[in-house]
Amino acid sequence: MNQYYLTTPIYYVNAAPHIGHTYTTLVADTIKRLKALEGIEAYLVTGSDEHGQKIQRAAAKVGKSPQEYTDLIAAEFEQTWQKLGLAIDKFQRTTSSQHAAAVSRLFLECEKNGYIYMGSYTGYYSVTSEAFVADAKEGDVDPDSGQPLELVTEENLFFKLSAFQDKLIELHETNPGFLQPEARRNEILAFLKSEKLQDLSISRTTIQWGIPVPNHPGHVFYVWFDALMTYWSAVEGTDHWPADLHLMSKEIVRFHAIYWPAFLMAAGWPLPKRIYSHGWLLFEASKMSKSRGNIVRVTPIQEVMGIDALRYFLLREIPFGSDGSFSFDALVARYNSDLANGLGNLLSRTLSMIQQYRGGAVPAPVAADHAAIAQAREHYDRFEFHKALEALWRWIGDLDKYIVENAPWKLAKDASPEAQARLDAVLYRCFESLRLITALVAPVIPQSAARIREQLNIDGPLEWGHTPAGHRIGAVAPIFPRLDPAAAIDRMRQLEAAELDRQNALMGKTAEPEAPAGNITPIAETISIDDFVKVDLRVGVVRSAEAVKGADKLLHLKIDIGEASGPRTIVAGIAKAYQPAQLIGRKVVIVANLAPRKLKGIESQGMIVAASLEGGAPVLAAFLEDVPIGARLK
RNA sequence: GCCGGCGUAGCUCAGAGGUAGAGCGAGGGUCUCAUAAUCCCUAGGUCGUAGGUUCGAGUCCUACCGCCGGCACCA
């Protein structure tokens, strides 16, 4: 086997590319380059998911057709990957005609094999969102708009997912490598064994922007039946399928580990060999999200530090598969300590000595320890990038120490044959080690590695001793100039703001953080001033806060609005957004004359005023100026 | 609520029954080939809390606390 097919997810074009998309994609790029190191030609596919109601609406909002709109955003993704130098072989769009044909084929094949039937989907439907609301019960409201839901029955095509329960269990049980890491596999297996799979609705008649279902006018394919097929359609007509690896972030594992194999089984097509999920990138310990406005863009980092700095950071700092935290501080610290002071400085001192002491000619080969080569390759094989890099940097550290122990600058002044021979050995060992280290870090930091190779003036195989005696080195210049952390971070933050504006303009957005996709919450019915004054809004201060036992979202707060009776108890659904400790002492706005209500057995005497974002966390109302406790809002 | 993972030096983490570790940061020192880089020394951290098993427990058991996930037709 000397070819390898790997994919990233196709990204939904409701957002411009950011560090989350980039993480998966640059890992894929790294794996492709690692395969090349092993003599395997890898084929890398990414793309864009462009159908659906949300896109249709977003396009309409900016006065574009869905196709015009998705052309724009898809191009933005493609250009970003190009700018980052990622070695993508094919960018597959769900709106391509080739893809539509493949999805239809999958459908017809499944239908022929008896896994498709016409049924009805009944659910609570939100008219404002034009979508079904999952898990809704009678009396629930649309979580986005707060509007009532209607019980609607729609005729849909269904896929007999239920027929594959046993086969899927067998797949995951007999093939532990199919889904990695282990934690994800356990979750999927636990789920498959404990829940009965229900059939999957795969078409919609309420949506227009999608791939038409063959022989079923009015129906378009719904989400996964369409999106997952890009992995197949991108390489249709070639010998790449089955895929060797699907990479993704953990929130879409289920669709890849259950739906996707089931679709392929139903069609009788070969399954992919491996699914590997990585964790989430947190930003300075909190989740990145649109509503928090803390999503990091990549091009500012590239501009200030080079994309390799980010690649190195993400692969060295975060064990692949786990969640990890990104921060500009940590990024710059890694860059300075590992790349500038470590690799860059070792290169610089080694070449400089060869230049000064040997006129730029590498001495004759000597044997030396190079066990790190095998270690790094083993770790890479298991996608343990951080361990591979750790091993290589231990090698770098050993060389720095070795140089000091042998003090070549003293040997250079000693004309004895013994001293000169030792100097030769030191110089060769450092040079040859650097050549190999460069080859092994190249998949992670390809652009920098190319520049290092120019200075070494040699590449060659992963074998010790390849550099011949008398090899001439190239011109020496710093690869990773040290950065002043404060200045670098300031600059990245500035560029980040500019980049965000540019992306928002591109997507037709005006404000930041972005407005909820689609319609804003409809304005409530007009009221008179008399109605309004009935609502007694007061400024209060949080005296104590603790989680409510047995509730994920509730906090038990004591809020002081200056009443003689002391602070009152308020139970608020803000636990997902705020730590109890950070609330204490904070000024908040409460509705003070709301009828008391019991929540989880605690009587709540009022409610806290907060902005409610689309599917996101609530944000407490606050004042810029200081306000006395008890002040009334009018 | 149920299930799973995690909680070890300021930070990121390793260790999985036998006298607490690494890298980074910080403090001190050193060499001079090098990007004020390198190298050396310095961390005394109740290993989340409380019990228990054991001659002996970060390391096994139990309970509790905290954090993060999973509990499907949400992208």
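Residues numbered from 1 in each chain as written. Chains lettered and ligands numbered in written order. Predicted model: local features only at pLDDT ≥ 70, side-chain atom pairs only at ≥ 80, totals over all residues. Heavy atoms only, no water.

### Regarding the overall build of chain A
Along its length, chain A carries 20 helices and 25 strands. Residues counted as buried form 51% of the 634 residues belonging to chain A. Working note: accessible area of chain A is about 28700 Å², and carbon and sulfur atoms make up 52% of it. (Helix = DSSP H or I, 4+ residues; strand = E, 2+ residues; numbered from the N terminus. Buried < 20%, exposed > 50% of the residue type's maximum accessible area, 1.4 Å probe, protein only. Areas by Shrake-Rupley, 256 points an atom, 1.4 Å probe, with all protein chains shown as cover.)

### As for the pattern of salt bridges
For the coordinates displayed, the defined rule picks out 24 salt bridges. With a closest N to O distance of 2.6 Å, arginine 93 and glutamate 50 form a salt bridge. A residue pair is termed long-range when its members are at least 10 positions apart, and arginine 93 in strand β3 (residues 90-93) and glutamate 50 in the loop between β2 (41-49) and α2 (53-61) qualify at 43 residues. Since its relative accessible area comes to 0%, glutamate 50 is described here as buried. Arginine 185 is the partner of glutamate 182 in a salt bridge, and the nearest nitrogen-oxygen pair spans 3.0 Å. Residue glutamate 182 and its partner arginine 185 are both found in helix α6 (residues 182-194); the two are separated by 3 residues, about one turn of the helix. By relative accessible area, which is 10% here, arginine 185 ends up buried. Linked through salt bridges whose partners overlap, the residues forming this network are Asp29, Arg33 and Arg311. (Salt bridge = Lys/Arg side-chain N within 4 Å of Asp/Glu carboxyl O.)

### Notes on the protein's contact with RNA strand B
Near RNA strand B, the surroundings consist of 46 residues, among which Lys196, Gln198, Tyr222, Arg254 and Arg349 are the closest. In the model, a base nitrogen of RNA strand B is placed 2.6 Å from a nitrogen or oxygen of the arginine 349 side chain. Serine 352 places a polar side-chain atom, nitrogen or oxygen, 3.0 Å from a sugar or linking oxygen of RNA strand B. Of all elements in the fold, only α6, β8 (200-201), α9 (253-267), α12 (328-358) and α14 (385-406) reach the threshold of two or more residues within the surface near RNA strand B. When residues of the surface near RNA strand B are assigned to their parent elements, the largest contribution, 11 residues, is made by α12. Looking at the surface near RNA strand B residue by residue, the classes come out as 19 nonpolar, 12 polar and 15 charged. (Near = heavy atom within 4 Å. Polar contact = N/O pair within 3.5 Å; in protein donor to acceptor, adjacent residues only side chain to side chain. Nonpolar A, V, L, I, M, F, W, Y, C, P; charged D, E, K, R; others polar.)

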